Amino acid sequence: MAEGMHRPRSSSSWVDSFRRWSGLDSANWSSELALAATILWTPMDTDAQGFETDPVFSIDVAADRSPLVAGDTARLAVSITIDRGWHINTDDPGDEFSIATEVQWQLPEGWSQPNLGFPAGKGLEFSFSDTPIQVWEGTVSIVGDLTVPADAAIGAVALKATVLAQACNDTQCLPPLPVSRTLQTEIAPPGTQVEVSTSDVFAVSHAKPKSTAGAATETDSDAVARDLADRSLPLFLIGVFF
């Protein structure tokens, strides 16, 4: 497998790892989490406690051509800009307790997810990990090839990207947060002339793309929300009780 490219991680593996690390009895997992949730969801003034309440990263989305042509292949880019002094985990941080960054496109029904290429990260050392954690700082771009279905509806189309990422600085790690941005573009009939972008973002190649194959529907945003809910409570448990 090429350097910088990694296998997908499942959300269930993260939860299982947290159970082993925390020592919670799997037989009593639900009841123990319910008790913890009661404590955690007691209202608190997060600003007064000194916690960050807003995302510390933003995203931009773009296509390498306009319009998109039915039956052709285009490149989509998600550029993540991280505030100074912060970093986010890469798509494969290298530590079982660090939450990987995920990118999901919400596309029209019947479209397939683009094959995404993730850049290599920078290794940072922390006392809680035996190996450096792979992170991104500054601005990084995740680019993928998208095949527009030959029978795609002609006209305006909205392509929404969501990045789910955990941000940290030298003193704290925030809960994983989803940040979304929508690309408004057009689908044109086969044979239409297109304007190709000259942005350097699309010239970047991350070697072998990481496949996110499978049909995507407009309800994928619900799946992102469910995945966030699955992850958020264990993360708060770490922050509050440990």
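In what follows, the accompanying structure is described. (Residues numbered from 1 in each chain as written. Predicted model: local features only at pLDDT ≥ 70, side-chain atom pairs only at ≥ 80, totals over all residues. Heavy atoms only, no water.)

1. So, the overall build of the protein
Then, number 1: Broken down by element type, the protein carries four helices and 16 strands.
Then, number 2: Looking at the protein as a whole, 42% of its 242 residues are labelled buried.
Then, number 3: When contacts within the protein are restricted to residue pairs at least 6 apart in sequence, long-range pairs at least 24 apart make up 78% of them.
Then, number 4: Carbon and sulfur atoms provide 50% of the accessible area of the protein, an area that totals close to 12,900 Å². (Helix = DSSP H or I, 4+ residues; strand = E, 2+ residues; numbered from the N terminus. Buried < 20%, exposed > 50% of the residue type's maximum accessible area, 1.4 Å probe, protein only. Contact = heavy atoms within 4.5 Å. Areas by Shrake-Rupley, 256 points an atom, 1.4 Å probe, with all protein chains shown as cover.)

2. What about the nonpolar core?
Then, number 1: Judged by nonpolar contacts, the single largest core of 36 residues is most densely connected at F57, V78, I80, W105 and L159.
Then, number 2: What F57 contacts, discounting residues up to four positions off in sequence, is I80, T81, I82, I88, V163, A165, L177 and V179. (Core = buried A, V, L, I, M, F, W, Y, C linked by side-chain atoms within 4.5 Å.)

3. Digging into the environment of D95
Then, number 1: Topologically, D95 is positioned in the loop between β5 (87-89) and β6 (102-106).
Then, number 2: Spatially, the C-alpha atom of D95 lies 8.6 Å from that of D130, the residues being 35 residues apart in sequence.
Then, number 3: Among the polar contacts listed, one links the side chain of D95 to the backbone nitrogen of F97, at a separation of 2.9 Å. (Polar contact = N/O pair within 3.5 Å; in protein donor to acceptor, adjacent residues only side chain to side chain.)

4. A closer look at unusual backbone geometry
Then, number 1: That bond from S66 to P67 is cis: its omega, -5 degrees, falls within 30 degrees of zero.
Then, number 2: Examined against the element boundaries, P67 turns out to sit in the loop between β2 (65-66) and β3 (68-69).

5. Side note on the packing of aromatic side chains
Then, number 1: Under the criterion given, the structure shown has one aromatic pair.
Then, number 2: On the basis of an interplanar angle of 5 degrees and a centroid distance of 6.4 Å, the ring pair of F118 and W136 is categorised as stacked. Within this pair, whereas F118 is found in the loop between β8 (115-117) and β9 (122-124), its partner W136 is found in strand β10 (residues 133-136), the two being separated by 18 residues in sequence.
Then, number 3: On the basis of relative accessibility, which here comes to 3%, the residue F118 falls in the buried class. (Phe/Tyr/Trp six-rings, centres within 6.5 Å; stacked < 30°, edge-to-face > 60°.)

6. Considering the sheet that holds strand β12 (residues 155-165)
Then, number 1: The four strands are arranged β3-β14-β12-β6 in an open sheet whose pairing can be described as mixed. Strand pairing shows two members of the sheet lacking a second neighbour, β3 and β6, which therefore form its edges.
Then, number 2: Judged from the two bridges that link them, β3 and strand β14 (residues 177-188) form a sheet pairing that is parallel. Paired with L68 across the two strands is I187, which belongs to β14. (Pairing = 2+ DSSP bridges.)

7. Looking at the pattern of salt bridges
Then, number 1: Under the definition given, this model contains four salt bridges.
Then, number 2: We note a salt bridge from D145 to R75, for which the minimum N-O separation is 2.9 Å. Of this pair, D145 sits in strand β11 (residues 139-147) while R75 sits in strand β4 (residues 73-82), and the two are 70 residues apart along the sequence. (Salt bridge = Lys/Arg side-chain N within 4 Å of Asp/Glu carboxyl O.)

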